[in-house]
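Architecture at a glance
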Amino acid sequence: MAEQGQRFESLDEMTGVQALERKHTDLPILTAKVERREFEYIRHGTLAFMFNFDIVTGKLVACTAKLTRNEQDFLKHIQGRVTAEPQTSQWHFVSDNLNIHISESLVRYVAEESDLDIDLGVKGKSGILKSVTSRAEFLSDPTHRIVFHYTPKHASWMNQVEIWLSILVRKVIKRGSFSSIKELKRKILAFIEYYNRTMAKPFKWTYQGKALAA
């Protein structure tokens with residue numbers, strides 16, 4: 001299906017990512033001594049990131065960094081992704097059940113992109129917009145141009161972008177020192193470029209769905 005112009009992307013957010021600057025430089029490794037890290041730091045604010053991981057190619061294909069993460073932020077992120085590749089015939093997004101992933105504005109956008117001229121109802125009262133359940137059902141419709149696939153509750157670990165986020169934390173964020181939120185964003189974008197160029201490959205899913213033994 002990927003060869004037929006469809007895209008399959010796993011997406012998620014990281015909120016409250018802190019730009020922490022170490023107050024002093026770390027002490028380097030010496031004979032019989034491990035590296036010693038500075039424990040005092042200076043806070044320079046936080047950013048919220050939204051990431052799209054291409055399941056087929058293994059590349060991180062979209063990153064949005066903002067001071068907030070709300071319904072409109074997520075909508076603009078999705079709109080930017082779809083607009084960037086107008087030749088794509090159908091989009092498949094894997095996400096968790098966060099409320100901004102099942103919002104009224106997202107339903108209206110998917111209806112517009114799918115050329116659906118229908119009455120969507122009123123949020124909280126009637127029609128497709130009535131409830132979270134009705135909105136999720138609409139957004140999951142496989143006949144639409146944009147289709148959301150929601151992970152089961154308490155199972156967001158099944159979303160492949162979570163694996164990539166753990167790599168980002170280990171390689172960049174955990175041991176990083178950032179003098180500003182601009183530097184935090186710059187270093188994360190630089191890592192994405194490096195990762196896509198040298199490390200990207202599809203993740204091989206090995207879980208067989210068997211119950212875990214205690």
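The structure contained in this document is the topic of the report that follows. Per chain, residue numbering runs from 1 following the sequence as it is written. Totals for whole chains, interfaces and linings use every residue, but because this is a predicted model, local features are given only for residues with pLDDT of at least 70 and side-chain atom pairs only at 80 or more, for both listing and counting. Only hydrogens and water are removed before side-chain values are computed, so all heavy atoms of the structure are retained for them.

1. Here we look at the overall build of the chain
Each helix is a run of H or I in the DSSP string that is no shorter than four residues. Each strand is a run of E no shorter than two, and both are numbered from the N terminus. Assigned secondary structure in the chain consists of 5 helices and 5 strands. The N-to-C order of helical and strand elements in the chain reads β-β-β-α-β-α-α-β-α-α. Oriented by its inertia axes, the alpha-carbon framework of the chain measures out at about 70 × 40 × 35 Å. Exposure classes here rest on a 1.4 Å probe applied to the protein chains alone. A residue is buried below 20% of its type maximum, exposed above 50%, and partly exposed in between. Every one of the 214 residues in the chain was classed for burial, and the buried ones make up 40%. Accessible surface for the chain amounts to roughly 12600 Å². Of this, 54% is attributable to carbon and sulfur atoms. In these tables, accessible area is a Shrake-Rupley quantity obtained with a 1.4 Å probe, and a residue counts as shielded only by the protein chains included in the view.

2. Details of the packing of helix H1 (residues 71-84) against helix H2 (residues 104-113)
Here an axis means a line fitted to C-alpha atoms, over the contact stretch when the element is a helix, while the angle between two N-to-C directions is reported on a 0 to 180 degree scale. Following both chains from N to C, one finds H1 and H2 inclined at 20°, their axes separated by 9 Å at the closest point. In terms of axis orientation, H1 runs roughly parallel to H2. Crossing geometry of H1 relative to H2 is assigned as right-handed. Judged by residue contacts, Glu71, Gln72, Phe74, Leu75, Ile78, Gln79 and Val82 of H1 engage Glu104, Ser105, Leu106, Tyr109 and Glu113 from H2. To sort the angles, those under 35 degrees are grouped as roughly parallel, those over 145 as roughly antiparallel, those from 65 to 115 as roughly perpendicular, and the leftovers as oblique. Left-handed describes a crossing whose near helix is turned anticlockwise from the far helix through less than a right angle; right-handed describes the clockwise counterpart. Any two residues whose heavy atoms approach within 4.5 Å at even a single point are treated as in contact.

3. Notes on helix H4 (residues 161-173)
When we look at burial in H4, the residues that qualify are Val161, Trp164, Leu165, Ile167, Leu168, Val172 and Ile173. Take H4 and look down its axis: the buried residues cluster within an arc of 160°, on one side only. If you follow the buried residues of H4, they end up packed against strand E1 (6-22), strand E2 (41-54), strand E3 (60-66) and helix H5 (181-198). Summarising the geometry, the arc corresponds to the directions from the helix axis toward the C-beta atoms.

4. Section: the sheet that holds strand E4 (residues 90-95)
Pairing between two strands is assigned when DSSP locates at least 2 bridges connecting them. The 5 strands lie next to each other as E3-E2-E1-E4-E5, forming an open sheet whose pairing is mixed. Each edge of the open sheet carries a strand with a single partner, namely E3 and strand E5 (146-150). Between one strand and the next, the sheet's axes are offset by a mean angle of 25°, whatever the strand orientation. Alignment of E4 against E5, held across 5 bridges, turns out to be parallel. Within E5, the position partnered with His92 by the bridge is Val147. Lying on the sheet, H5 is in contact with E1, E2 and E3; it crosses E2 at an angle near 35°.

5. Some points on the packing of H2 against helix H3 (residues 132-139)
Between two packed helices, the angle of one axis relative to the other and the distance separating the axes together describe the packing. Where H2 meets H3, the axes come as close as 10 Å, and the angle between the chain directions of the two elements is 30°. Of the possible angle classes, the one that applies to H2 and H3 is roughly parallel. Crossing handedness for the pair H2 and H3: left-handed. When H2 is examined against H3, the residues Glu104, Leu106, Val107, Val110 and Ala111 are found in contact with a partner set consisting of Arg135, Phe138 and Leu139. Taken together, the residues that form the contact of H2 with H3 break down as 6 nonpolar, no polar and 2 charged. For this classification, the nonpolar set comprises Ala, Val, Leu, Ile, Met, Phe, Trp, Tyr, Cys and Pro, the charged set comprises Asp, Glu, Lys and Arg, and every other residue, Gly included, is treated as polar.

6. Some details on the pattern of salt bridges
Any two side chains of opposite charge can pair, on the condition that their charged atoms come close. Here, a salt bridge means any side-chain nitrogen of Lys or Arg that lies within 4 Å of a carboxyl oxygen of Asp or Glu. Enumeration according to the criterion identifies 11 salt bridges in this entry. A salt bridge links Arg108 to Glu104; the nearest nitrogen and oxygen atoms lie 3.1 Å apart. Residue Arg108 and its partner Glu104 are located together in helix H2, separated by 4 residues, close to a single helical turn. On the basis of relative accessibility, which here comes to 40%, the residue Arg108 falls in the partly exposed class. For Glu104, a relative accessible area of 24% translates into the label partly exposed.

7. A look at the pairing of E3
Bridge analysis of E2 against E3 gives 6 bridges, and the strand direction is antiparallel. Bridge pairing in E3 places Phe49 opposite Ala65. Counted between consecutive antiparallel strands, the loop separating E2 from E3 contains 5 residues, among which Gly58 sits at a positive phi close to 80°.

8. Section: the nonpolar core
Membership of the largest hydrophobic core comes to 23 residues, with the highest contact counts inside it found for Phe74, Ile78, Phe93, Leu139, Ile146 and Phe148. In this view, Phe148 contacts Phe74, Ile78, Phe93, Ser95, Leu106, Val110, Leu139 and Ser140; residues no more than four positions away in its chain are not counted. Nonpolar cores were defined as sets of buried Ala, Val, Leu, Ile, Met, Phe, Trp, Tyr and Cys residues, with membership established by side-chain atoms within 4.5 Å. In terms of nonpolar packing, the next biggest core, distinct from the first, is built from 22 residues, Val161, Trp164, Leu168 and Leu184 among them.

9. Comments concerning the environment of Lys201
Take Lys201: it is sitting in the segment after H5. A residue is classified by how much of its surface remains accessible, and Lys201, at 57% relative accessible area, is exposed. Along the backbone, Lys201 and Leu184 are 17 residues apart, and their C-alpha atoms lie at a distance of 25 Å. If near-sequence neighbours (up to four positions away) are discounted, Lys201 is found in contact with Thr57 and Gly58.

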